Amino acid sequence: MSKFEVIQNKISSKAMLLDKVEVWKLNNQKVVFTNGVFDIIHRGHIEYLAQAADCGDKLIVAVNADASVKRLGKGDSRPLQDENSRALIISALQFVDAVVVFDDDTPFSLINSLKPNVLIKGGDYDANCTDIADKKYIVGSDVVKKNNGKVEVIQFVEGYSTTKIEEKIKNS
């Protein structure tokens, strides 16, 4: 199998991913889940995802579908790259074990189905927040905690964001 095929094979449908997770869990591997748009990959993303991978044995990254990104209100120009490109780029990272594209507004359905051992979000969230109306609430945290999993927050790398990069490009 070519290296490119290995990368492509990390991208799974929800059904395929459920099968992978079942095998991983049968082998007592700790499954970590995170999600995001990952439009322009930058240092902050790399450090975040590497730290997330350190929290378990297998890292799943759920990437928002194009329509989902539009509904998030990140701006008319977003996403800058299509969902297939974003998923492929994330799957090329050696510490990512599986990538799935999701079209819902939140990854709740995926988290509820996969029941990861660890749920990770970035620094603008609060692992202890239980108010679903609060912007700091981590979607799916209730499911993970109910299944004896852990919810963790990884702090942002200061000075790195897709929005800042987009602004810098526009102003050049």
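Since we're looking at a predicted model, the values are computed, not measured.

Enquirer: Please explain the environment of Asn9 as it appears in this structure.
Expert: Considering the arrangement of structural elements, one finds Asn9 in helix H1 (residues 3-9). Considering only alpha carbons, one finds Asn9 and Ala98, 89 residues apart in sequence, at a separation of 8.3 Å. If we ignore the near neighbours within four places in the chain, the residues touching Asn9 are Met1 and Lys20.

Enquirer: Any chance you could explain the environment of Leu114 here in plain terms?
Expert: Positionally, Leu114 belongs in helix H6 (residues 108-114). Between the C-alpha atoms of Leu114 and Asn128, which are 14 residues apart in sequence, the distance is 21 Å. Among residues more than four places away in sequence, those in contact with Leu114 are Leu17, Leu18, Val21, Lys25, Phe33 and Ile60.

Enquirer: Please clarify how the nonpolar core should be interpreted in this entry.
Expert: In terms of nonpolar packing, the biggest core is built from 19 residues, with Leu17, Val21, Phe33, Ile60, Leu110, Leu114 and Leu119 touching the most fellow members. Secondary-structure elements contributing two or more residues to this core are helix H2 (14-26), strand E1 (31-36), strand E2 (58-64), strand E3 (98-102), H6 and helix H7 (141-146). Ranked by size, the runner-up nonpolar core spans 18 residues in total, among them Ala53, Val61, Val118 and Ile154.

Enquirer: Whenever I open this one, the pairing of strand E5 (residues 150-154) confuses me. Can you help?
Expert: Across five bridges, the pairing between strand E4 (residues 118-122) and E5 is parallel. Its bridge partner being in E5, Gly122 is matched across the sheet by Ile154. Once you follow E4 into H7 and on to E5, the crossover reads as right-handed.

Enquirer: Just to check I follow, could you spell out the environment of Lys70 for this structure?
Expert: Tracing the backbone shows Lys70 in helix H4 (residues 66-72). On a C-alpha basis, the gap between Lys70 and Asp105 in space is 9.7 Å, while along the polypeptide they are 35 residues apart. The contacts of Lys70, once residues within four sequence positions are left out, are Asp76, Arg78 and Pro79. From its side chain, Lys70 meets the backbone oxygen of Arg78 in a polar contact 2.8 Å long.

Procedures and definitions
- Residues numbered from 1 in each chain as written.
- Predicted model: local features only at pLDDT ≥ 70, side-chain atom pairs only at ≥ 80, totals over all residues.
- Heavy atoms only, no water.
- Helix = DSSP H or I, 4+ residues; strand = E, 2+ residues; numbered from the N terminus.
- Contact = heavy atoms within 4.5 Å.
- Core = buried A, V, L, I, M, F, W, Y, C linked by side-chain atoms within 4.5 Å.
- Buried < 20%, exposed > 50% of the residue type's maximum accessible area, 1.4 Å probe, protein only.
- Pairing = 2+ DSSP bridges.
- Right-handed = clockwise from strand over helix to strand, strands pointing away.
- Polar contact = N/O pair within 3.5 Å; in protein donor to acceptor, adjacent residues only side chain to side chain.

These values are about where atoms sit, not about what they do.
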